[in-house]
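Observations on chain architecture
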Amino acid sequence: MRGATAPAVLALLALSACTTGPSLENRGQVTAPPGDSHHLTVGSAGFTESDLLAEMYAQLLNRAGYKTSLLTVANRELYEPALESGQIDVVPEYAATFADWLNAKTHGADAKPVGSPDLATTMKALRGLAAPRGLTVLPPGRAVDQNAFAVSASYARRHRLSTLSDLGASRLKVRLAAGDECVQRPYCEPGLRKVYGIDVTGVDPKGVGTTQAKRAVQQGRDQLVLTTTTDATLDAFGLVLLADDRHLQNADSVVPVVNRSRAGGPGVVKALGRLNEVLTTKDLARLNQQVDSWRRLPADVARTYLEEKGLLK
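In short, a report on the structure. On a predicted model such as this, the values are computed, not experimentally measured, just so you know.

**Some thoughts on the environment of Phe-47**
Structurally, the position occupied by Phe-47 is in the loop between β1 (39–44) and α2 (48–63). The exposure class assigned to Phe-47 is partly exposed, which follows from its relative accessible area of 38%. Taking the C-alpha atoms as reference points, Phe-47 and Ala-74, separated by 27 residues in sequence, lie 7.7 Å from one another.

The structure is reproduced here in structure tokens:
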């Protein structure tokens, strides 16, 4: 963990546990001009991709004249209230996932999901939920990290598969390596059946994108694996993604979320917006690989990438 001592983290956890953003009587204040603090805390959720994005955010903000520190808080139930209270100023998030999370927090766990495969619809819902909490959602970039399904490259060649529609039309029976919750999630087994007509004979509960799950498909025990669009290890297992051509998955574009009163000004928007112009899903997968497989530090990988793209000159 960088940029925070252990006591600071303990203080964050204690305060964030009882902080829920602007009180009802003060929520009108979110319409005040956005703030522009020059000392910003960038949050990370503690997994490789979040660490990389947080490092890129911090380095871009440093270049723009801000002083930054990084803080890792792996639990969204803790870091989101800290973002509302201004203990954390900026975090990388995922549009549909964060929209549904805020919706459940606002309207209850049984609230109908608001995330959508359509990015514009998702962003409208997300911004509507974020604003009353004093949060501003900046424009999404080109990088998307959402659920995806892969098969072995040999299986794809043998059956001429490049999309999930191809798999459905093939009438092949497939066993799916995924988390055990897949049997109920609308974007997993039920969606594959309903949207694509894929004949899923069963779910092998090996987790989402785990080594065990990918190895089961590589070795032919399963035919399909649930992973993500930024999985950097597919090549190593001889796997390829099948395109979600009917848009079963929600729009989980990478989006910076900021505390409006501290980091909602044009300087932050401009600095972080520069990343949107270059960072792609493929880039993000490649950067993840450098950390996870090559054992490079996220800060070094982030700096090299930004320099290659001319963003730190």
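**Quick word on empty space enclosed by the protein**
Counted by the stated rule, this structure contains one cavity of 30 Å³ or more. Taken as a whole, the largest cavity holds about 50 Å³ of empty space. Lining the largest cavity are Tyr-57, Gly-141, Arg-142, Ala-143, Val-254, Leu-275, Asn-276 and Leu-279. By residue class, the composition of the lining of the largest cavity is five nonpolar, two polar and one charged.

**Some words on the pairing of strand β10 (residues 254–259)**
In terms of burial, β10 is a largely internal element, six of the six residues being buried. Of the two faces of β10, the one lined by Val-254, Pro-256 and Val-258 and the one lined by Val-255, Val-257 and Asn-259 are each fully buried. Pairing of strand β3 (residues 90–94) with β10, which is carried by five bridges, proceeds in the antiparallel orientation. By the bridge assignment for β10, Pro-92 is matched with Pro-256. Of the pairings in the sheet, the one linking strand β4 (residues 135–137) to β10 comprises three bridges and is antiparallel in character. Paired with Leu-135 across the strands is Asn-259, a residue of β10.

**Thoughts on the state of the cysteines**
For the structure on display, the rule yields one disulfide. The disulfide bridge from Cys-182 ends at Cys-188, spanning 1.8 Å between sulfur atoms. The S-S bond linking Cys-182 to Cys-188 shows a torsion near -90°; that makes this disulfide left-handed.

**Thoughts on the sheet that holds strand β7 (residues 199–205)**
Here we have five strands laid out as an open sheet, ordered β7-β6-β8-β5-β9, and mixed in their pairing. Single-partner strands in this sheet number two, and they are β7 and β9 (239–242). Across the sheet, the mean angle from the axis of one strand to that of its neighbour is 40°, orientation sign disregarded. Pairing of strand β5 (residues 147–152) with β9 involves four bridges; the strand directions are antiparallel. Paired with Ser-152 across the two strands is Leu-239, which belongs to β9. Contacting β5, β6 (173–178), β7 and β8 (224–228), helix α8 (residues 189–196) crosses the sheet at an angle of about 165° to β7. The sheet strands contacting helix α9 (residues 211–218) are β5, β6, β7, β8 and β9, and the helix crosses β8 at an angle near 140°.

Conventions we followed
Residues numbered from 1 in each chain as written. Predicted model: local features only at pLDDT ≥ 70, side-chain atom pairs only at ≥ 80, totals over all residues. Heavy atoms only, no water. Helix = DSSP H or I, 4+ residues; strand = E, 2+ residues; numbered from the N terminus. Buried < 20%, exposed > 50% of the residue type's maximum accessible area, 1.4 Å probe, protein only. 1 Å grid on protein atoms, 1.4 Å probe; cavity = no way out; pocket = protein on both sides within 12 Å on 5 of 7 lines; lining within 4 Å. Points joined across faces, edges and corners; volume = space filled by probe spheres on them. Nonpolar A, V, L, I, M, F, W, Y, C, P; charged D, E, K, R; others polar. Pairing = 2+ DSSP bridges. Disulfide = S-S within 2.5 Å. Axes fitted to C-alpha atoms, helices over the stretch in contact; angles between N-to-C directions. Contact = heavy atoms within 4.5 Å.

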